[in-house]
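If you want the building blocks of each chain, they are given just below.
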Amino acid sequence: MSADLEAEKDERLAAMAAGGDRGAFDALVTRHRQAVYRLCWSATGNASDADDAAQETFVRVYRSLPSYDPGRPFSPWLRKIAWNCGLSVRRDGNAGVPRAAEGDAPEAVDTAPGPEEAAAGNEERRRVEDALAALPADLRMVMVLRAVEGLSYAEIAVSAGIPAGTVMSRLSRARARLLAALGARSDGQGRPSAGAGRDATGSGAPAGGGS
């Protein structure tokens, strides 16, 4: 990405791309591909289908750019397309049962364990990944947008096309399910593993990566 394009706002890049500037479109892809992957993962629950949905997202974005209004924020528009692409993969029957192998789940915004926590952290991360992948798609979406993307309730509402009150209730249900799932995979003494509550309540999230 050139320095000039890197400094441009999304909306300006989208307008340039709509006018045929392929470099501007490539800049948008570079800037947003990880976020798109994470949202597609939240819709499909696994890496393979998330990759397919993410690729389809940018195909649809490219085709839809002529109708995009640069006076509106670009990110919520992009996220809606990504979410719909993820759901489309599932409706088409190409997505399997939600699953999360090590490295499948998206990287968290705020995850920084110290060296002494590394061994326990890897196992804990796998437990959280499994629990997150098992959530219903609508709950997984708001949790990823909140815990991984770090969006506010208002931003999630715009991206998901739901009222802010619904965002709050879905986050509450998602956290409760994660806590219950992590508690069920406790150390065998009836206590969730260390840090489980932190991750389930949104201050941390599974580590890993997408394309």
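Data block above holds the structure.
Now for the environment of Ala 24. With respect to the helices and strands, the residue Ala 24 is situated in helix H3 (residues 22-44). Apart from the residues within four sequence positions on either side, Ala 24 is in contact with Leu 5, Leu 13, Met 16 and Ala 17.

Our next topic: the state of the cysteines. Applying the stated criterion across every chain, the model contains zero disulfides. Free of any disulfide, Cys 40 has its nearest cysteine sulfur in Cys 85, 6.4 Å distant.

A separate point is the pattern of salt bridges. Counted according to the given criterion, the structure contains four salt bridges. Note that Arg 31 is salt-bridged to Asp 10, the shortest N-O span being 2.6 Å. Here Arg 31 is found in helix H3, whereas its partner Asp 10 is found in helix H2 (residues 10-18), with 21 residues between them in sequence. The closest approach of N and O atoms between Arg 22 and Asp 26, which form a salt bridge, is 3.2 Å.

Turning our attention to helix H8 (residues 153-160). For H8, the set of buried residues is Ile 156, Ala 157 and Ser 159. Projection of H8 onto a plane perpendicular to its axis shows the buried side chains occupying an angular sector of 170°, all on one side. Immediately beyond the C-terminal end of H8, within one or two residues, lies Gly 161, with a positive phi of roughly 70°.

Analysis parameters
- Residues numbered from 1 in each chain as written.
- Predicted model: local features only at pLDDT ≥ 70, side-chain atom pairs only at ≥ 80, totals over all residues.
- Heavy atoms only, no water.
- Helix = DSSP H or I, 4+ residues; strand = E, 2+ residues; numbered from the N terminus.
- Contact = heavy atoms within 4.5 Å.
- Disulfide = S-S within 2.5 Å.
- Salt bridge = Lys/Arg side-chain N within 4 Å of Asp/Glu carboxyl O.
- Buried < 20%, exposed > 50% of the residue type's maximum accessible area, 1.4 Å probe, protein only.
- Arc of directions from axis to C-beta.

These results come straight from atomic positions and should not be treated as a statement about function.
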